[in-house]
Amino acid sequence: MAETVKILQAPQAGLSDMAKLQDLNVESILENIRQRFEADQIYTYIGSILAAVNPYKTIPNLYDFEVMEAYDKRHIGDLPPHIYAIANDTYYSMWKQTANQCVLISGESGAGKTESTKFILNYLSKMSQASAVETGNDVSVEKCILQSSPILEAFGNAKTVYNNNSSRFGKFIQLAFSSRGVIEGGKVQDYLLEKNRVVGQNPGERNYHIFYALILGAPDEMKQKLGLGAPEKYKYINQSGCIKDPNINDQQIFSEVNEALKDMKLNDEQVSDVFELLGAILHIGNLDFITAGGAQVSSMSVLKQAADLLSVDEYQLANALTEKTRLLRGELISTPLDEHQARDSRDSLAMNLYARCFHWIISRINVRIRTKPTFHSVGVLDIFGFENFEVNRFEQFNINFANEKLQEYFNKHIFSLEQHEYNAEGLDWVDIDWQDNGECLDLIVRKLGLLSLIDEESRFPKGTDGTMLDKLHSNHAKNGFYIKPRVNNSKFGIKHYAGDVFYETTGFLEKNRDTFRDEMLTTIKESRSDFIYDLFEDMQESSQPNAAKKNRKKPTVSSQFQESLHSLMSTLSACNPYFVRCIKPNSTKAPNAFEKTLTLNQLRYSGMLETVKIRRAGFPVRRLFDDFVRRYRPLLGKDTQSSHSQHKCISLLSSYESTNQKWQIGRTKVFLKEDLEIKLERDRAERVETLVTKAKACFKGYLARKAYKATVAKIVFVQKYCRMYRQRRRFLNLKDATITLQRYERGRKARQLFHVMMEERRLEEERKREEQRRRAEEEQRELERLKAEAKLRELEELQAKLEEEARIKAEEEAAQKKREEEERQRVLQKAKAIETAKRLEEEQAKIRAEEERLKLENELRIRREEEALRLEKEEAERLVEEKRLEEEVRRREEELAYAMQQVMTHFDDSIAQLNSPSDLNLDKYYGDMFEEADQDSEYQDDDPDEDSVSRKSDDLQYWEGYLNMKCGGMVNTWKKRYCVLRDETLMWFRAKQEALKSGWLMKKGGGTSTLSRRNWRKRFFVLKGIELAYYESDSDGAPCKGIINIKQTKDILDSSFGRESSLDIITDKRTYHIVADNADDLSEWFSILMRVKNANEYELKQMQDEDANPKNAIGTLDVAVIDSVVPVHLQTKPNAFAIITAERVFNMSADSPEDMNGWLKALTQYHKGQRTYSKEEILMSGWLTKENTGTISRPGITRKKRYFILTSHSLDIYKSVDLQHKLGAIALNRLCSVTVPDDKMFKEIDLPLPTNSPVASPTMRRRKLSWGKKSKIKMDLRTAMFQGGRRHTWSSKMMRNLFRCYPRSKPSWLHDLRTWKFTIHSRRYSYNLFTPSNDEAWKWTYAIQEVIDSKPPIETPSQILIKELREASLNGYNDEIDKIYKLNPILRNVPYMLKSPLLPLPYGQIMSSNLDKGYTTLQDEAVKIFNVLQGSEQLPDPMPVIQGILQTCQDLKPLQDEVYCQLVKQTTWVKDADNLNNLRNWQILCCMCCTFIPSRSILRYVRFHIKRQVELSPKTQMAAYAGYALEALKRTRTREFVPSRDEIIAILGRRDMNATVFCHGGGSCQISINSSTTAGQVIHTLVKGMNLDSCYNRFSLYEKSGLVEKAIDDRSVVADILAKFESQNAQNDDGNKDSRFRARGLSDRGKPWQLFFKLFCFLDTQSVKPDSIEYSFLFEQAHEEVIRGKFPATDEQLIHLSALRMQFDKGDYVHGDWINDLTEVYPVDRLKVKPKEDNDFGFQQRDRKDTFISGTLRGIGEKTLKRLQKSASDDNILESVYRDDVSATITAIIDKWRTLKGTSAERAQNIYMSFMRSWKYFGSRLFEVECHDGRQTYPKNIWLSVNKSMVAVHKINDPNPLDEFPYEKILSFGAPIPNEYKIIVEGRRSELTFDTTEVFEIAKLMKAYINEIVKKRNMIPA
């Protein structure tokens, strides 16, 4: 405290306010500042402006808390100058001036602006905390604002040559205060972060503080996790040579930042994400590139570290850094970058990562301190100071431009506005000259100024820094503030207010464009980290549709900065400013050093002398007369006579200073000097305190008297209740005694009555028992009598029955004998008759046969003639019928045209004619297509209560009103309907659509009672406005049973339970229980009721004004099908008109002629489409052929040529180009889609066909034409196609017959029939559109897609709620989350089917490659999957269902998110977490998580759901599945196949699965894998397990079947390969070629598929030791190449190698040994038929006659061989010769084997390998390819050799290459099209092109070798 008092009372050196200087010049100001600086008095006033000199040291006790308290409520000038005095004045000026305040801190870099900002914030925070303690408020906001400073400094400040803590960005901190002076929130606005500093710094400077703090201050575990080491290892922070600074404590910075981030409520995961991103940036800086087939990453280990920290795939990141892709006609084309371009990509990635992270941190700070609009605010501007380095770049240009704007603002407020106001008010004033920088600003910002030219050049694709500089010179060389260098270089200069600055233009345009390549953005957006994705979520790719236009309109960095600076100036202009001018005393940052020249320059360009002059002579305080009187009314005496405010002001001021030196009176204001104002304020405060004391005394007395009276009243009240209590106790005791007596008396009487009743009951029971006994005895006697009589009766009946049966039997035997005799006689007679008839029939048959033969021949002849006549007659009738139909159509059109001209006349005749069956017969021809919804409603007279006046819009696009209508058909009665014409649809309703919602609901009501289901009542509910009414029925005039005012309800609750979907409406008197049929209906009711309850009047009016909903209409009519609208005459309906369509006539009647005319005009304009388009509206137009799909259409009109116009909202269809007849429109929204053009031949082609065409003749349909008639048919067809005539339909059968007449190649004239098809999928239909031009088809496709993409995204309720859940979870609002789930049933489990998908899915039929899957639309498939989920628990085997769901999601990618949402819905709010249905859904969710990665928003939602369910039910089976699913989401990779059955079983068991990996020699091993294990991870495990870490060559994993194999990419998921194996094996077993999966690119040849482990890259085959495991792999793979025929050797050499292999496998030859399978030791393909070729490799060849194959097939000459092949009638001879050849080869191998007797297996192996190594190119992989060389340098069939150093071209079986191409010479390689491989070699004119099916294998192997070269060059260990 003593030190504080000493500082405040210390004598002031010089003058504390330079406005009091007597000698006003720059030298006196400089001397005054120097004196105060040397006395450690660094602050000096210039009126209310504060000049602060940076001391570059700590001045003790200058900023203590006691100093803050001393300046509280003190005026400027009461105490020595201090930054706290300015802060204090801004704080209290909010009340004094009732306006926002701001403090502008300016100065050069290193002048102390940032520290001054912190001091002001500290002071304001202390003032707020003091006020908060008084009012009892929380002070957490102040803490957060203060804690934001360490974060902003660490991430935004850096060491420069001028300043150790230089702000490399600008910030404006705005603090919002309440009326009580408490900080309630704030906002931080940043400006122009210097991103370039992240990747490079000038010598002696540092990167941003946070990088050094992270490396030097982070704990070891964090640094180990981030892979960080010493700071000297990282290029981004070591290139400037300055890493540590003694004045900067990096460890402390990290600690402060870590603590501050937690205060900002960033959780541990978010903090870790930020540090991981910083670590990734450091690793990215260490990436370097070399040239090898384009730029290649030199260090994959560094890249992997960076990729892991960014949670992206390292290979994808490497491709993004080294390749550039572009989209050409729907195909992505990759181009390799050079080293310089790759480094630019690296730096761009680092800069954008840091900038996005910085903005994210500021946004989180703003979220933490945000508030609603409050009382007033104080803003503090700390922006970068003026900079002038040796090399000034784009950043310095923008920084200095900002300082020019701030200087202009300072000049405007201090000089311009102030002097202007003096002159305007008529003060006695002499203007002061000052330096104006307006012309300099005009040079920068005016039209065609520097910024304008830089932006213009930035938007030109070919614009360069040089062309930009030329434009600057040519436009501004003559400007006085522009400096053109005398020597031509890349610089230009500007004369700023602070001095001349030259700017280096290199990199100007690139920095201004701020481009970020799409490849990089795509890679970053695919990051698994939500944090990384969120940073770039709003950044769009330039390759998207509309990208070109968006890029042209994309704002540049300078334009964005200019806009934000303009916004800042607007904000500052609305505030009362305070200025703090920071001064740098020296350029060496040394304490106690004062450089006069440097300080003098700052004083001059800042206008300090002029400021002192104007502050000394001027009157900075000014108030309006009334405001002055109101403010200082306490100082005005009561004797002031004048009532005029001006006179009062003069009177008061004269009493203080009569000489008028310190004040003047203007026309409307009082002008004061600051010291006079301070005196007035001091006296006012004393006077107000005196008056307030008196007022407080009076008020306290009043309160005391009031309290006394209240106490007396309370005493009387207590006494009254005490007396009452005593009397009431006495009464209650008497009452209790009386009740006791009454109780005993009643008991006595009750007991007496009880005994009497018991006796009577006993006697009655005895009487009943006696009667019962007697009755039982009588019944027993009667029963015995009846039994005896029945027995006697049965005996008599039995005897009679036996006698009757004996009689009947005797009669039947006699009759049977008689019948048998008669039958025998009849049979004999029949046999005789048959024999006679047969003889006669044989004689007559011969006669009839001859007659029949003659008759049939005659009938056949007649039938043939009749058939020919009938065909001719049918053809003639068909032609006549067509003419008749054409005449009928023409006549009908004429009649319709005539009907349209009739106005109000001949109604009966017109209708009779239109509906006559003999005329048009429309109803009979097309059928009845219209039927009313309610048949029981008859026409009634007009209701006077209803609105019968039609309403329309100005453009006739909306029309509504009541109409009486009827139509033909079964229902022909007039009915009154409310009709609405909107969106090209005419709708009619029962009544006017005033209700917000209506429908049937079940209701039970009355308190909280529980009624049975049968007591419920079904009611029709109608919501109109705020009233919910319910009726007995939905008919007109139904009685209303009740009305509920929604606004007056207490609450509306969702009370759904189990299968019941219900809600409760709670009012003051009762509770209404309402039940809906399903959850969707309930959700709609609940949403609309809550909207009405919470809506204000405006929102309610908007809801009531909504258009009619077509869903509620009882009938609709598309205006596109209207043929005409005509007025008709009817006596009973005078205002009638008719709507005529092709199917029906609708009769309408309006209430007045005006309404009828309005309807006629609207309908006529609509259906005729009479519309004019502006030039801007039409995006594209032209003729297209339209075909509807998925609809039933009439023959002959499936395809029509129409004129289409594309607008920004729809695709309009017209009949002709004059736009007079609009046929319809296709409304376009975000869910519509358009397919790419497809080359298609019409199956049905409408062509004119002559009658003499052979295709049309019946003969052609019955027989196949001979080849001799080809030319005639072609001539006839060409004539038929290009001549006029009637139109006929060519069937597909006709086309097939046509093509049979021609060779396989299509005739050239048939290309005229080729068209290009593209399809538009809209909400209701899909349309196939055809155009003959490919370019035109693509133009239409792109244009339509551009319109679709311009539409806003369609959001479903589920998506909106998911966003609300995200916001609530980010802010930690758990109560809000529970509320969202409670109020929205759509998010919860339901027991019934889903009606519509939860997410918006694209329209249109699904175009699947596999047609037998039966997919329809995405919407239907989504509903089907949900229905399957409902009953999944009842399935005995869930595997097929799970695989079916997964396969559907695999085929239909958009359904993946939908299924995730369905599973989340069905696992939310489940009562029993471990019930079977819930666990089954969780199992399916686990399978989904292991197979598919959802989109980012759904992924975040799924993670949130899983974590929440675990928290709600932690110790359950469900929680175990949830944890498994959450872990799976972290590692899931993109899959090509759905999981196999074994994988699903493993997932359901929450365990890993086993996979078998094979290797040479039949060995195998079991490895444990999961759904995301990659082949690279398996290889790493196997290499480590076999101790192959130090091997010389590289291994890989293969998929293999027999000799067919394919290398598996390291990134491939092993589970995918196993799933493919399972499906392929199942296909082999079942013989089903249409299996669900199919192995790609391989054929198994009947052998099982296996995972195989073998060598991939042969880097050093000579150094491998013979006793190593690697040697065994090398030997086996060398032998494998031999038996595949991919090793150049002679026949003798191959036999020798085969014998060595036999010796290695079986040892010495034993008599009788034989080679059963020659393919295991010898390349049998060489034995197949082919010409013999000589080979001089290795051993010397013997003469042909001495070889062992002499006389076999391979010894035959080429000509003889061809003759043999030609003459052979079958393959028997070839097969016989081939068998002989094989037998001879085996014999030769065995002979050679015998010679190796005694050779050990190891010796045989070494000999074998020595021979293989003797080939110079051993280790090369040989691919058999077909070469396409225009110069014919190479043979057609060659070997392409790929090895560790080059690519070579060999003749087949030739060991010496024809050409060698080292990798350093290869510029690029790849497969531009399937099965074609290209290599571009430096110095070679033409590119190498090869045809092969192994393009991917070749490219993979070349890339692997190039990566190894890169590693070797950079000395990276294997």
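**Points about the overall build of the protein chain**
Consideration 1: Regarding its fold elements, the protein chain presents 54 helices and 56 strands.
Consideration 2: The buried share of the protein chain, taken over its 1918 residues, is 47%.
Consideration 3: Sequence-distant contacts, at least 24 apart, represent 67% of the contacts inside the protein chain between residues at least 6 apart.
Consideration 4: Roughly 101000 Å² of accessible area belongs to the protein chain as shown, and the carbon and sulfur atoms make up 51% of that amount.

**With respect to the sheet that holds strand β47 (residues 1594-1601)**
Consideration 1: Strand order in the open sheet formed by five strands is β46-β45-β49-β47-β48, and the pairing between neighbours is mixed. Every other strand in the sheet has two partners, leaving β46 (1564-1569) and β48 (1604-1608) as the edge strands with one partner each. On average, adjacent strands in this sheet sit at an angle of 40° to one another, irrespective of strand direction.
Consideration 2: In terms of strand pairing, strand β45 (residues 1553-1558) meets strand β49 (residues 1650-1657) through two bridges, oriented parallel. Among the inter-strand pairings, Phe-1558 is bridged to a residue of β49, identified as Phe-1652.

**With respect to the packing of helix α43 (residues 1476-1491) against helix α46 (residues 1541-1548)**
Consideration 1: Axis separation between α43 and α46 bottoms out at 9 Å; the angle between their running directions is 120°. Viewed along their axes, α43 and α46 adopt a mutual orientation that is oblique. The interaxial crossing formed by α43 with α46 has right-handed handedness. Contact with α43, carried on its side by Gln-1483, Cys-1486, Cys-1487 and Cys-1490, involves Ile-1544, Ile-1547 and Leu-1548 of α46 and no other residues of that element.
Consideration 2: Its residues placed into classes, the contact of α43 with α46 shows six nonpolar, one polar and no charged.

**Quick notes on helix α50 (residues 1691-1706)**
An α-helical turn contains 3.6 residues, so any two residues separated by three or four positions project in the same direction.
Consideration 1: Helix length check: α50, at 16 residues, gives a terminal C-alpha distance of 22 Å against a target of 22 Å (1.5 Å per residue), a fit within 8%.
Consideration 2: Judged by how many residues are buried, α50 sits mostly within the fold: 12 of 16 residues are covered.
Consideration 3: Burial in α50 covers these residues: Asp-1691, Gln-1693, Leu-1694, Ile-1695, His-1696, Leu-1697, Ser-1698, Ala-1699, Leu-1700, Arg-1701, Met-1702 and Gln-1703.
Consideration 4: Two residues or fewer after α50 comes Gly-1707, characterised by a positive phi angle close to 85°.

**Some details on the side chain of Glu-1605**
Consideration 1: Positionally, Glu-1605 belongs in strand β48.
Consideration 2: Residue classification places Glu-1605 among the buried residues on the basis of a relative accessible area of 13%.
Consideration 3: Reaching out from Glu-1605, the side chain makes a polar contact with the side chain of Lys-1654 at a distance of 2.8 Å.
Consideration 4: Among the polar contacts listed, one links the side chain of Glu-1605 to the side chain of Arg-1684, at a separation of 3.1 Å.

**Comments concerning the packing of aromatic side chains**
In this description, an aromatic ring pair is defined by two values, namely the gap between the centres and the angle between the planes.
Consideration 1: By the definition in use, this model includes 40 aromatic pairs.
Consideration 2: Considering the side-chain rings of Phe-37 and Phe-594, the 5.6 Å spacing of their centres and the 40° angle between planes classify their relative orientation as tilted. In this pair, Phe-37 sits in helix α2 (residues 26-38) while Phe-594 sits in the loop between β16 (576-583) and α24 (596-605), placing the two residues 557 residues apart along the sequence. A single burial state applies to Phe-37 and to Phe-594, both of which are buried.
Consideration 3: Judged by centre distance (5.4 Å) and plane angle (35°), the ring pair of Phe-1021 and Tyr-1030 falls under tilted. Comparing Phe-1021 with Tyr-1030, the two get one shared label, buried.
Consideration 4: Here a set of aromatic residues connected by ring pairs shows up, and it is made of Phe-394, Phe-397, Tyr-482, Phe-492, Tyr-503 and Phe-508.
Consideration 5: Sitting over the ring of Tyr-212, Arg-206 keeps its end group 3.9 Å from the ring centre.
Consideration 6: One Lys or Arg, Lys-976, reaches over the ring of Tyr-962 and ends 4.9 Å from the middle of that ring.

**Considerations on unusual backbone geometry**
Consideration 1: Positive phi, normally seen in glycine, also occurs at Leu-448, with a value near 60°.
Consideration 2: Positioned with a positive phi, Asn-1875 is a non-glycine residue whose angle comes to about 65°.

**Quick word on the pattern of salt bridges**
Consideration 1: Using the criterion set out here, one finds 69 salt bridges in the structure.
Consideration 2: A salt bridge links Arg-762 to Glu-759; the shortest N-O distance between them is 2.5 Å. Highlighted residues: Arg-762 and Glu-759, both in helix α28 (residues 674-900), separated by three residues, approximately one helical turn.
Consideration 3: Given the relative accessible area of 37%, Glu-759 is considered partly exposed.
Consideration 4: One continuous salt-bridge network, built from bridges that share partners, spans Lys-1600, Glu-1605, Lys-1654, Glu-1680 and Arg-1684.

**Some words on the packing of helix α38 (residues 1357-1370) against helix α44 (residues 1496-1512)**
Consideration 1: Viewed as axis vectors pointing N to C, α38 and α44 meet at an angle of 60°, and their least axial separation amounts to 10 Å. With respect to α44, the element α38 is oriented oblique. For the pair α38 and α44, the sense of crossing is left-handed. Taken together, the residues of α44 that come into contact with α38 (itself represented by Ile-1362, Leu-1365, Arg-1366 and Ser-1369) are Ile-1498, Arg-1500, Tyr-1501 and Phe-1504.
Consideration 2: Here the contact of α38 with α44 is composed, by residue class, of five nonpolar, one polar and two charged.

**Examining the state of the cysteines**
Here, disulfide denotes a covalent bond that connects the sulfur atoms of two cysteines.
Consideration 1: Inspection of every chain in the model, using the stated rule, returns zero disulfides.
Consideration 2: This cysteine, Cys-575, is not joined by any disulfide, and Cys-102 carries the nearest cysteine sulfur, 4.6 Å off.
Consideration 3: For Cys-575, a relative accessible area of 10% gives the class buried.

**Regarding the sheet that holds strand β55 (residues 1876-1881)**
In any sheet, the strands associate via hydrogen bonds between backbone groups, in a parallel or an antiparallel arrangement.
Consideration 1: Read across the open sheet, the seven strands follow the order β53-β52-β51-β50-β56-β55-β54; overall the sheet is antiparallel. Both outer strands of the open sheet, β53 (1857-1862) and β54 (1866-1873), are each paired with one neighbouring strand and no more. Strand after strand, the sheet turns through a mean of 30° between neighbouring axes, direction not considered.
Consideration 2: Pairing geometry for β55 and strand β56 (residues 1888-1891), over four bridges, is antiparallel. By the bridge assignment, Lys-1878 is partnered in β56 with Thr-1889.

**Re the confidence of the model for the protein chain**
Consideration 1: With 80% of its residues at a pLDDT of 70 or more, the protein chain has an overall mean of 78.
Consideration 2: Element-level pLDDT for the protein chain is lowest in helix α30 (residues 922-926), with a mean of 33, against a maximum mean of 94 in helix α42 (residues 1455-1466).
Consideration 3: Every residue in residues 545-552 scores below 50 in pLDDT, and together they form 10 contacts with partners more than four places removed in sequence or on other chains.
Consideration 4: Within the model, pLDDT remains below 50 along residues 899-956, and this stretch shows 102 contacts once partners closer than five positions in the same chain are excluded.

**Thoughts on the nonpolar core**
Consideration 1: Residues Phe-155, Phe-211 and Tyr-354 are the most contacted members of the largest nonpolar core, which totals 121 residues.
Consideration 2: In this structure, Phe-1595, Leu-1597, Val-1682 and Leu-1697 belong to the second largest nonpolar core, which totals 100 residues.

**Let's talk about the pairing of strand β51 (residues 1837-1842)**
Consideration 1: Across the six residues that make up β51, a large majority, five, are buried.
Consideration 2: Judged from the six bridges that link them, strand β50 (residues 1821-1828) and β51 form a sheet pairing that is antiparallel. Counterpart to Leu-1822 in the pairing with β51 is Ser-1841.
Consideration 3: Note: β51 against strand β52 (residues 1846-1851), five bridges, orientation antiparallel. The residue of β52 that forms the bridge with Leu-1840 is Val-1849.

**Quick notes on the pairing of strand β7 (residues 183-191)**
Consideration 1: Pairing geometry for strand β6 (residues 170-177) and β7, over eight bridges, is antiparallel. Along β7, the bridge assignment pairs Ala-176 with Gly-185.
Consideration 2: With antiparallel pairing between neighbouring strands as the criterion, β6 and β7 make up a hairpin whose turn holds five residues, including Gly-181 at a positive phi of roughly 85°.

**Quick notes on the environment of Leu-317**
Consideration 1: By the element assignment, Leu-317 lies in helix α13 (residues 314-322).
Consideration 2: The class for Leu-317 is buried, based on a relative accessible area of 0%.
Consideration 3: Along the chain, Leu-317 and Ala-307 lie 10 residues apart, while their C-alpha atoms are 7.0 Å from each other.
Consideration 4: In this structure Leu-317 touches Leu-303, Ala-307, Val-312, Leu-349 and Thr-523, once residues within four positions along its chain are discounted.

Scoring rules and cut-offs
Residues numbered from 1 in each chain as written. Predicted model: local features only at pLDDT ≥ 70, side-chain atom pairs only at ≥ 80, totals over all residues. Heavy atoms only, no water. Helix = DSSP H or I, 4+ residues; strand = E, 2+ residues; numbered from the N terminus. Buried < 20%, exposed > 50% of the residue type's maximum accessible area, 1.4 Å probe, protein only. Contact = heavy atoms within 4.5 Å. Areas by Shrake-Rupley, 256 points an atom, 1.4 Å probe, with all protein chains shown as cover. Pairing = 2+ DSSP bridges. Axes fitted to C-alpha atoms, helices over the stretch in contact; angles between N-to-C directions. Parallel < 35°, antiparallel > 145°, perpendicular 65-115°, else oblique. Left-handed = near helix turned anticlockwise from the far one by under 90°. Nonpolar A, V, L, I, M, F, W, Y, C, P; charged D, E, K, R; others polar. Expected span 1.5 Å × (residues − 1). Polar contact = N/O pair within 3.5 Å; in protein donor to acceptor, adjacent residues only side chain to side chain. Phe/Tyr/Trp six-rings, centres within 6.5 Å; stacked < 30°, edge-to-face > 60°. Lys NZ or Arg CZ within 6 Å of the ring centre and 35° of its normal. Salt bridge = Lys/Arg side-chain N within 4 Å of Asp/Glu carboxyl O. Disulfide = S-S within 2.5 Å. pLDDT = per-residue confidence, 0-100. Core = buried A, V, L, I, M, F, W, Y, C linked by side-chain atoms within 4.5 Å.

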